[in-house]
Amino acid sequence: MFWLAPRVLLALLSVMAVATAGAWLLADSAWASWGAVGGAGVAVALICLIDSWRGLRLLRWLSGHQDVDAPVMAGFWGELSARAERVVRKRERDIRREQDQLQQFLSGIEASPNGVLMLDAGEQIEWCNQMAADHLGLDAHRDLRQRITNLVRAPAFVAHLHARNHEQSVQIPAPGGTGLISIVVRPYGEGQRLLLTQDVTARERADKTRRDFVANVSHEIRTPLTVLAGFVETMSSLPLTEVERQRVLGLMAQQTRRMQSLVGDLLALARLEDSPKPPTDQWWPLVRVGAAVEAEARGLSAGRHPMEFDWGHWQVAGSEVELQSGIGNLVNNAIRYTPEGGTIRVSTVLRVDGGLEIRVNDSGPGIAPEHLPRLAERFYRVDGSRSRETGGTGLGLSIVKHVAQRHGGELRISSELGRGSCFTLVLPAVRVQTLPQAQPAEPVSS
Ligand code: ADP
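Once a new chain begins, its residue numbering starts again from 1 and follows that chain's sequence as written. Local features in a predicted model are, by the rule used here, given only for residues with pLDDT of at least 70; side-chain atom pairs are given and counted only at 80 or more, and totals for whole chains, interfaces and linings are based on all residues. Heavy atoms from the whole structure form the basis of all side-chain values; hydrogens and water molecules are not counted.

**Looking at the overall build of the protein**
And step 1. Labels follow the DSSP assignment, with helices taken as runs of H or I lasting at least four residues and strands as runs of E lasting at least two, numbered in each case from the N terminus. Scanning the protein for helices and strands turns up 12 helices and 13 strands.
And step 2. A globule of 446 residues ought to have a C-alpha radius of gyration of about 22 Å, yet the protein, at 45 Å, is considerably larger.
And step 3. Dimensions of the protein, computed from C-alpha atoms along their principal axes, come out at roughly 160 × 65 × 35 Å.
And step 4. For the protein, the proportion of its 446 residues judged to be buried stands at 37%.
And step 5. Throughout, a contact is declared for two residues whenever any of their heavy atoms are within 4.5 Å. Partitioning the contacts of the protein with sequence separation of at least 6, the portion at a separation of at least 24 is 58%.
And step 6. Measuring between centres, the 48 positive side-chain charges of the protein sit 3 Å from its 48 negative side-chain charges. This radius of gyration counts C-alpha atoms alone. The globule rule is 2.2 Å times how many residues there are, raised to the power 0.38. Exposed residues in this analysis have more than 50% of their type's maximum accessible area, buried residues have under 20%, and partly exposed residues fall in between, with area computed by a 1.4 Å probe over protein chains only. Positive charges are assigned to Lys and Arg, negative charges to Asp and Glu, while His and the chain termini are left out of the count. By convention, charge coordinates are those of NZ in Lys, CZ in Arg, CG in Asp, or CD in Glu.

**Some remarks on helix H7 (residues 201–237)**
And step 1. Counted at 1.5 Å a residue, the expected span for H7 with its 37 residues is 54 Å, and the 53 Å between its end C-alpha atoms agrees.
And step 2. All of the buried residues along H7 are Thr201, Val217, Glu220, Pro224, Leu228 and Phe231.
And step 3. Looking at the packing, one finds that the buried side of H7 touches strand S4 (180–188), strand S5 (192–199), helix H8 (242–274) and helix H11 (384–389). Expected helix span is given by 1.5 Å per residue-to-residue step, counting one fewer step than there are residues.

**A word on the environment of Asp199**
And step 1. In this fold, Asp199 is placed in strand S5.
And step 2. Between the C-alpha atom of Asp199 and that of Leu180, which follows or precedes it by 19 residues, the distance is 6.1 Å.
And step 3. Excluding anything up to four places from it in sequence, Asp199 contacts His135, Leu180 and Ile181.
And step 4. Counted as a polar contact is a pair of N or O atoms within 3.5 Å, where, for protein atoms, one must be capable of donating a hydrogen and the other of accepting one, and residues adjacent in sequence contribute only when both atoms are in side chains. Within the structure, the side chain of Asp199 is placed 2.4 Å from the side chain of Thr201, a separation counted as a polar contact.

**Looking at the domain arrangement of the protein**
And step 1. Domains assigned within the protein are domain 1 (4–99), domain 2 (113–199), domain 3 (215–274) and domain 4 (283–434).
And step 2. An automatic or database domain assignment is the source of the domain bounds shown. One C-alpha centre belongs to domain 2, the other to domain 4, and the line joining them spans 50 Å.

**Considerations on the UniProt feature "domain: Histidine kinase" (unreviewed entry) in the protein**
And step 1. Per the UniProt record, "domain: Histidine kinase" (unreviewed entry) is annotated on residues 216–431.
And step 2. Taken end to end, residues 216–431 comprises 49% helix and 18% strand; its first and last C-alpha atoms sit 35 Å apart. UniProt positions are given in the numbering used here, feature names are shortened, and annotations may be inferred rather than shown by experiment.

**A few points about the sheet that holds strand S8 (residues 314–317)**
And step 1. Strand pairing is assigned whenever DSSP detects at least two bridges linking the two strands. Within the open sheet, the 3 strands sit side by side as S6-S8-S13. Their pairing is antiparallel. On the outer flanks of this sheet lie strand S6 (283–285) and strand S13 (432–434), each paired with one strand and no other. Recorded for the sheet is a direction-independent mean angle of 30° between the axes of neighbouring strands.
And step 2. In this sheet, S13 lies alongside S8 in antiparallel orientation, the contact comprising 3 bridges. Interaxial angle, 0 to 180 degrees, is taken between N-to-C directions of lines fitted to C-alpha atoms, where a helix line uses only the stretch in contact.

**So, the packing of aromatic side chains**
And step 1. Between rings of Phe, Tyr and Trp, where Trp is taken as its six-membered ring, a pair exists when centres lie within 6.5 Å; planes separated by under 30 degrees are stacked, by over 60 edge-to-face, and by other angles tilted. What the rule picks out here adds up to 3 aromatic pairs.
And step 2. Ring centres 5.0 Å apart and planes at 75° place the aromatic pair Phe76 and Trp77 in the edge-to-face group.
And step 3. Classification of Phe76 by relative accessible area gives partly exposed; the value is 23%.
And step 4. Of the residues examined, Trp77 reaches a relative accessible area of 14% and is grouped as buried.
And step 5. Their ring planes at 15° and their centres at 5.9 Å tell us that Phe309 and Trp311 sit as a pair that is stacked. Each member of the pair, Phe309 together with Trp311, is buried.
And step 6. Here the guanidinium or amino end of Arg378 rests over the ring plane of Phe213, the centre of that ring lying 4.9 Å away. Any Lys NZ or Arg CZ that is within 6 Å of a ring centre and within 35 degrees of that ring's normal is treated as a charge sitting over the ring.

**Observations concerning the pairing of strand S11 (residues 410–416)**
And step 1. Sheet topology note: the S11/strand S12 (residues 420–427) ladder contains 7 bridges and is antiparallel. Across the sheet, the residue bridging to Glu416 is Gly420, located in S12.
And step 2. Linking S11 to S12, which pair antiparallel, is a turn of 3 residues; within it Gly418 sits at a positive phi near 80°.

**Brief notes about the pattern of salt bridges**
And step 1. Salt bridges are defined as contacts in which a side-chain nitrogen from Lys or Arg sits within 4 Å of a carboxyl oxygen from Asp or Glu. Scanning the entire structure with this criterion turns up 25 salt bridges.
And step 2. Residues Arg142 and Asp139 are paired through a salt bridge, measuring 3.9 Å at the closest nitrogen-oxygen approach.

**A closer look at the site of the ligand**
And step 1. Around the ligand, 20 residues are found, and the nearest of them are Asn333, Tyr337, Ser387, Thr393 and Gly394.
And step 2. Side-chain polar atom of Asn333 to an oxygen atom of the ligand: 2.8 Å apart, as the coordinates give it.
And step 3. Accessibility throughout is a Shrake-Rupley quantity obtained with a 1.4 Å probe, and a residue counts as covered only by protein chains that appear here. Out of a free accessible area of 520 Å², the ligand has 98% covered by protein chains.
And step 4. The set of elements that each furnish at least two residues to the shell around the ligand consists of helix H10 (320–337), helix H12 (396–406) and S12.
And step 5. The element best represented in the shell around the ligand is H10, accounting for 4 residues.
And step 6. Asp, Glu, Lys and Arg are counted as charged, while Ala, Val, Leu, Ile, Met, Phe, Trp, Tyr, Cys and Pro are counted as nonpolar; the rest, among them Gly, fall into the polar class. Residues belonging to the shell around the ligand are distributed by class as follows: 9 nonpolar, 7 polar and 4 charged. Nearness is defined per residue: one heavy atom within 4 Å of the molecule or strand is enough.

Here it is as structure tokens:
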């Protein structure tokens, strides 16, 4: 208020000065007092004019963009201008801070792996992040203010949006038809709704795989169990001769072995899924890994197949047990599916990229091309009865595939009906070395 006293004083002095000047000018006439009044009037008019002009400058600044400084003036108008500028600048700073916060918040939602979409009371899209747009097949900018039911027409979604109870989520096909999107609707504000979308394709697939797996395991176990229960029943209710008893016991032992193999393979798979990746600094001569495989193979074939093993001069890095189990499963299959007299050949080939191919060839029945992509799926069998007859569990190749992938490699299968098959376990270059003192082999192209 420091401007108030000087301003009043100045105004009074100005009025008095101009009034005195008016009276002095007309001092010699009878209008001397009117001169003083006129002078005072002129002074007041001048003060009003100056005030209006200063007020106009401030008003102009206030109604503009305020991107230049407020007009600099003295006294009352100067104080008013400075205060107005301070208020305006503070409001600008507040708005900028709120905009930054909003921007950060929106960036956070934008980075979310889930979709977020806001609907107004008229079901028009107010805002959505890119993920929601992708999930629902929308354009995050062009489709703003559009009614969502005009754009997402899946009947399940429309019914869910109009339902009163939104506790459950709804699932609709992803745009393009491959995949599944889950949508949760949450009401807020005055009739507005928040939609949270999530791509549940992988989760659904995993759930289905798990359900199928449990169903398959149950089925695989139930069959031998039913057979065993039947034999137990037979043995306890029927008087059997010694020969019959021995035959039944033999069949019971066979079913028990089948269950043991199944449980063994299931545990092997579980171990492969749970354990850490095989080390890259533990080296094993391949010939040593192969020796155990070879011994088991010769036992299984019992001389029925001519066999050839060439493990080369390599050492491989990883888990010896896993590699033995992987290669062993391939050789085991080759023996089980190749009729007596058919040949089995194991060989190694170095690829140009430094990786190693461990190939298991057989001259067995071969596999039709349509089965090849699914062969390494759990419990997938081309010939179920042949597999079970020979003690197969349907899990062998999925174990091999896991072993290969855990070592950074892959399982390749080529086969021709009536001519035989070739199963190749490929190990990457980082896990392959030539055995010390051995000549490196000629690399071959893949
Ligand atoms: P299984 O225990 O039934 O042998 P695998 O996972 O090892 O299960 O193999 C899956 C299926 O692939 C087998 O059921 C069989 O039909 C086919 N298969 C595997 N290896 C061979 C092979 N060497 N020759 C012909 N078919 C094979």
